[in-house]
Amino acid sequence: MCMYIFDEKDLIFGPYISRECDNIPLFHLKKRIYRKNISGAFNELELHYVTLSNPIMKNKICANDFCYFDRKEDKSIHALIERKYSGLFNHLTPQKEAEYEDYLIWKKNDSIPDEFIKGLAEEEKEGRFDAVMRHIVAEIEK
């Protein structure tokens, strides 16, 4: 992925996902300040960057606990992918991916009903990531 961190507060990243560089989606996360009960995505990606960009660090370990808040606790996205791969594959059609991306970039505000992100203010951007993950899990576990 490509990643940019500004003033240790804003993080923009783009996963390549086997696409040409001009066509990768870019996501913007703001560092958590007030609420702990939203995903640690910013801190996890920042740790990933620090780990991989340190030229003298030995035995580099990539973050393996990338997570989202499921209303009760932080859940591993890696575990979700490992256990629910076929459900994810079937659910994430190009149309669904576009809907989620529109929600993440604030093009559509009502496509994913999620009570938890109301009132997150500056942290709503990262809260939307968690809302998408909760929606995906709810859909594939029907």
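As a reminder, the structure under discussion sits directly above these lines.
Description of the structure in this document. None of these values were measured; they are calculated from a predicted model.

Re the overall build of the protein
No. 1: Assigned secondary structure in the protein consists of five helices and five strands.
No. 2: When its helices and strands are written in sequence order, the protein yields β-β-β-α-β-β-α-α-α-α.
No. 3: Counting the 142 residues in the protein, one finds 37% classified as buried.
No. 4: Of all intrachain contacts in the protein linking residues separated by at least 6 positions in sequence, the fraction that spans at least 24 positions is 46%.

What about the sheet that holds strand β2 (residues 10-14)?
No. 1: With respect to topology, three strands assemble into an open sheet ordered β1-β2-β3, the strand pairing being antiparallel. The strands lining the two open edges of the sheet, one partner per strand, are β1 (2-6) and β3 (27-30). The mean angle between the axes of side-by-side strands here comes to 15 degrees, regardless of whether they run parallel or antiparallel.

Notes on the nonpolar core
For soluble globular proteins, the rule of thumb is that nonpolar side chains tend to be buried together.
No. 1: Ranked by internal contacts, the top residues of the largest apolar core, which has 25 residues, are Phe13, Leu45, Phe129 and Met133.
No. 2: Listed by contribution, the elements that provide at least two residues to this core are β2, β3, α1 (41-53), α2 (77-83), α4 (94-104) and α5 (124-140).
No. 3: With seven residues, the single largest contributor to this core is α5.
No. 4: Not counting residues up to four positions away in its chain, the partners in contact with Phe13 are Met1, Cys2, Met3, Pro25, Leu26, Phe27, Leu29 and Leu45.

Details of a nonpolar patch on the surface
No. 1: A surface patch of nonpolar side chains, amounting to about 360 Å² of accessible area, comprises Ile81, Tyr85 and Phe89.
No. 2: Turning to its location among the elements, Ile81 is positioned in helix α2.

Observations regarding the packing of α4 against α5
No. 1: The N-to-C vectors of α4 and α5 enclose an angle of 155 degrees; their axes lie 9 Å apart at closest approach. Classified by the angle their axes make, α4 and α5 are roughly antiparallel. Like other packed secondary-structure pairs, α4 and α5 cross with a definite hand, here right-handed. In contact with Lys96, Tyr100, Tyr103 and Leu104 of α4, α5 contributes Arg128, Phe129, Ala131, Val132, His135 and Ile136.
No. 2: Partitioned by chemical class, the residues of the contact of α4 with α5 number seven nonpolar, one polar and two charged.

Considering the pairing of β1
No. 1: Inspection of the sheet shows β1 paired to β2 by five bridges, in the antiparallel sense. Across the sheet, residue Met3 finds its bridge partner in β2, namely Phe13.
No. 2: What sits between β1 and β2 in their antiparallel hairpin is a turn of three residues, with Asp7 showing a positive phi close to 50 degrees.

Comments concerning α4
No. 1: Turning to α4, its buried residues number three or more, namely Lys96, Tyr100, Asp102 and Tyr103. Burial along α4 is one-sided: seen end-on, the buried residues are contained in an arc of 160 degrees.
No. 2: Those residues of α4 that are buried lie in contact with α3 (85-91) and α5.

A short note on the pairing of β3
No. 1: Side chains Phe27 and Leu29 project from β3 onto a buried face, and the interleaved His28 and Lys30 project onto a face without burial.
No. 2: The sheet contact formed by β2 and β3 spans four bridges and is antiparallel. In the strand pairing of β3, Asp10 is matched with Lys30.

Rules used in this analysis
Residues numbered from 1 in each chain as written. Predicted model: local features only at pLDDT ≥ 70, side-chain atom pairs only at ≥ 80, totals over all residues. Heavy atoms only, no water. Helix = DSSP H or I, 4+ residues; strand = E, 2+ residues; numbered from the N terminus. Buried < 20%, exposed > 50% of the residue type's maximum accessible area, 1.4 Å probe, protein only. Contact = heavy atoms within 4.5 Å. Pairing = 2+ DSSP bridges. Axes fitted to C-alpha atoms, helices over the stretch in contact; angles between N-to-C directions. Core = buried A, V, L, I, M, F, W, Y, C linked by side-chain atoms within 4.5 Å. Patch = residues over 30% accessible without salt bridge, like charges linked within 9 Å, V, L, I, M, F, W, Y side chains within 5 Å. Areas by Shrake-Rupley, 256 points an atom, 1.4 Å probe, with all protein chains shown as cover. Salt bridge = Lys/Arg side-chain N within 4 Å of Asp/Glu carboxyl O. Parallel < 35°, antiparallel > 145°, perpendicular 65-115°, else oblique. Left-handed = near helix turned anticlockwise from the far one by under 90°. Nonpolar A, V, L, I, M, F, W, Y, C, P; charged D, E, K, R; others polar. Arc of directions from axis to C-beta.

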